[in-house]
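Here's the letter readout for the chains.
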Amino acid sequence: MAEPDARASGRAADRLRRLLVVVPYVVRHPGTPLPELSNLFGIRESDLVEDLNLLFVSGLPPYEPGDLIDVQIEEGRVWIGMAEYFSRPIRLTRSEALALYLKGKALLGSPGLEEAPALASALVKLEENLGADTLAGLAGKVAVGGGGHVAQALAAARRAVERRERLEIEYFTAAREELATRTIDPEHVFSAIGNWYVVAWDHLADAERLFRADRIRSVKQTGETFEPRGLPGPGRPLYTRSEHDTAVRLSLGPSARWVMDYYAVEGHRQRPGGWTEVTLPTKDLPWMAKLVLRLGGEAKVLSPAALATMVRQEARAALGLYRRRGPERARGSA
Amino acid sequence: MHPLERLINLVALLLEARRPLTFEDIRGVMPAYQQTDANSAKRMFERDKDVLREVGIPVELAPIDPWEVEQGYRITRDEYYLPEVAFTDEEVWALFVAAHAPGEGGEAEQAFQKLSTGTETNVLAAMAERTAAPGVDPSGPYLGAIADALARRRAIRFKYRSAQGKPSQREVDPYALVFRRGNWYLVGQDRGRGEARSYRLSRLLSAVKEVGAASPPPDGFDASTQLESGPWGLGKPAARARMAFSPKVAWWAIASTPGAQIVRRRRDGWVEVEVPASETESFVSWVLSFGADARLSSPRTTRDQLVNKLEALVGDG
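Model, not experiment: these values are computed from the prediction.

Trainee: Honestly, the interface of chain A and chain B in this entry has me stumped. Any pointers?
Mentor: Often, the extent of an interface is quoted as the loss of accessible area on bringing the components together. Chain A puts 106 residues into the contact, and the matching count from chain B is 107 residues. Of the residues that constitute the side of chain A that touches chain B, the class distribution is 51 nonpolar, 29 polar and 26 charged. Relative to strand 4 (residues 167–180) of chain B, strand 4 (residues 142–144) of chain A runs parallel, the two sharing three bridges. Bridged to Ala143(A) within strand 4 of chain B is Val178(B).

Below, the structure is given as structure tokens:
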């Protein structure tokens, strides 16, 4: 006996929770169409009607017709009256407030977001207005920003995704250090590890590509639209393994271990002295050479030999900049 | 009677009552609790009360008379109703985008729905047509619990894997949460190590356990100084560096370096700039990542450090 009732009340808790959100909305927006409510609150129309049917046998003692909440569903529209006490929404629970606030803060930390000023002011309003024990304890203790690059092209890319517009972009490929013009059909924009990415069909490669928004130098509308191909969106891995990849083996020193957190490392083995041997697949040896340079001695190339050569050549060329230009050095340090 | 109907009636009754109501008062007016067995009615009421609290409805016990002889239940309106917060349409949209970013979304969406009750219908309808710009969920499973401990000034214990890969138990007085380059970090006093440290949330190996009151941060502690702001590393840049970028990388390098200032464009296409810097390994690494497309001219000591590294790389690559 106890168990079925407990289950029923578990469901009742969820239904009560959503009714206490839907009812104030309908009280303030009389005659809202059912499909719109279903859309706004993510509830099936049939479930909504079932809840509303229970609502209009509820009310205040002595539960005479004049004491009950007045619910009308006519021609697919909903009116709720006689429920003054449900005309304002209930407070956010602590964990609801935290969830929204922290998601908002994280989004502010992805630079270039068009809505950033509005989001920042909305979050301040939440801090100030939700009550002392809701978010006030966090004011000044959550900081975001820095590190990433502002993506000028982000707003244009997002608009193109919404309107299915084909774009012509100037894109900087870091590995090859070249700026090339490409025609793309952008399907998704999302942020990951502090950067914004555009998922698009690239007509130059005739394949799907992931573009970092901050490396798009310019965006031009082509005036054409496209039919989305259903490319995978947010949540996709930033790196997709292909059979053309080269497996690179590196030995990483203790302070270079962060590489394992950032890139798709396939295997790793501990070595004495805090060193770790890792295997990293890559499409791009020149990019990998830059990574090894950046790690400046904290990473040793085990294979392929071509990569080790590339690193040495690049280092030699860089060293040449300092050995050739005596006069400039003097000027620079002045 | 359906449990939902009973719950709605109970909320309405307690919200509208002018004084706290005892269970007997409630039983007197609500037919749902009028079964013959008073004990089973009381048990049902207790369960209902738990459901209301689970949903976030503040059901409190309070004395029903000035002599405080008997206690009754009430829902205080000030505690129940969401305070009116006036958001602009732009702010509502921004909160919608935040609520719909990927990750555990249920609670954030619920929060958004409550906050947007007063919003014009057409604004919300327009939102359904737009596409939120979502991101990859950076929060992980422990963010909420840590934020909660931070807000309530509780010390916490958790298992953590350091950047060097060694797992260990940490006990921390939380000072701040920092979101940097796509990751959440906890900054706080590490009790075992006796100094302030930062912890990347994705490296936590266990749930957090609260272990009593936390000590406050030192005077003048500012969470915003815990942000990495550029190639110079953490905090405010201590120095400025003079360097030049090749024509191939100049656009990208300058656009992606906060505070970079162009000094002059040379005839060979190289661009000379001044950038915020620090005399640290991380700044040297950043210059090295450009390979032969960047040349550092000052600070002198940093340049010497860089040249040494390049010589070593040429030697043993």
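Moving on from the coordinates now.
Trainee: Explanation requested: the sheet that holds strand 2 (residues 70–74) of chain A in the structure shown.
Mentor: In any sheet, the strands associate via hydrogen bonds between backbone groups, in a parallel or an antiparallel arrangement. Residues and elements named next belong to chain A. The strand order across the open sheet formed by three strands is 1-3-2, and the pairing between neighbours is antiparallel. Both edges of this open sheet fall to strand 1 (32–33) and strand 2, since each of them pairs with a single strand only. Of the pairings in the sheet, the one linking strand 1 to strand 3 (residues 77–81) comprises two bridges and is antiparallel in character. Paired with Thr32 across the bridge in strand 3 is Val78.

Trainee: What should I look at first to understand the environment of Arg77(B) in this one?
Mentor: Mapped onto the fold, Arg77(B) is located in helix 4 (residues 77–80). Distance in space between the C-alpha atoms of Arg77(B) and Leu14(B) is 9.5 Å, their sequence separation being 63 residues.

Trainee: What is the right way to read helix 5 (residues 116–129) of chain A from this model?
Mentor: Residue pairs spaced three or four apart in an α-helix point in one direction, given the helix's 3.6 residues per turn. Residues and elements named next belong to chain A. Its 14 residues place the ends of helix 5 20 Å apart at the C-alpha level, agreeing with the 20 Å of an ideal helix rising 1.5 Å per residue. Of the positions making up helix 5, those classed as buried are Ala118, Leu119, Ala122, Leu123 and Leu126. With its buried residues spanning 135° around the axis, helix 5 presents them on a single face.

Trainee: It is not clear to me how the nonpolar core should be interpreted in this structure. Could you clarify?
Mentor: The tendency in soluble globular proteins is for nonpolar side chains to be buried side by side. Formed by 66 residues in total, the largest nonpolar core has its most connected members in Ala157(A), Ala213(A), Val292(A), Val311(A) and Val287(B). A per-element tally of this core places helix 9 (residues 305–324) of chain A first, with six residues. Look past the residues within four positions of Ala157(A) in its chain and what remains in contact with it is Pro186(A), Val189(A), Val198(A), Ala213(A) and Val219(A). By size, the runner-up hydrophobic cluster in this structure holds 59 residues, among which are Leu113(A), Trp93(B), Ile156(B) and Val208(B).

Trainee: Would you mind going over the pairing of strand 7 (residues 195–202) of chain A with me for this structure?
Mentor: Moving residue by residue along a regular strand, the side chains alternate between the two faces of the sheet. Residue and element names in this part refer to chain A. In terms of burial, strand 7 is a largely internal element, six of the eight residues being buried. With eight bridges joining them, strand 6 (residues 178–192) and strand 7 adopt antiparallel strand pairing. The partner of Ala192 across the bridge, within strand 7, is Asn195. Relative to strand 8 (residues 207–212), strand 7 runs antiparallel, the two sharing six bridges. Bridge pairing in strand 8 links Ala200 to Arg209. Connecting the antiparallel pair strand 7 and strand 8 is a turn made up of four residues, with Asp206 showing a positive phi of about 50°.

Criteria and thresholds
Residues numbered from 1 in each chain as written. Chains lettered and ligands numbered in written order. Predicted model: local features only at pLDDT ≥ 70, side-chain atom pairs only at ≥ 80, totals over all residues. Contact = placed C-beta atoms within 7 Å. Nonpolar A, V, L, I, M, F, W, Y, C, P; charged D, E, K, R; others polar. Pairing = 2+ DSSP bridges. Helix = DSSP H or I, 4+ residues; strand = E, 2+ residues; numbered from the N terminus. Expected span 1.5 Å × (residues − 1). Buried ≥ 20, exposed ≤ 12 C-beta atoms within 10 Å, placed from the backbone. Arc of directions from axis to C-beta. Core = buried A, V, L, I, M, F, W, Y, C linked by C-beta atoms within 7 Å.

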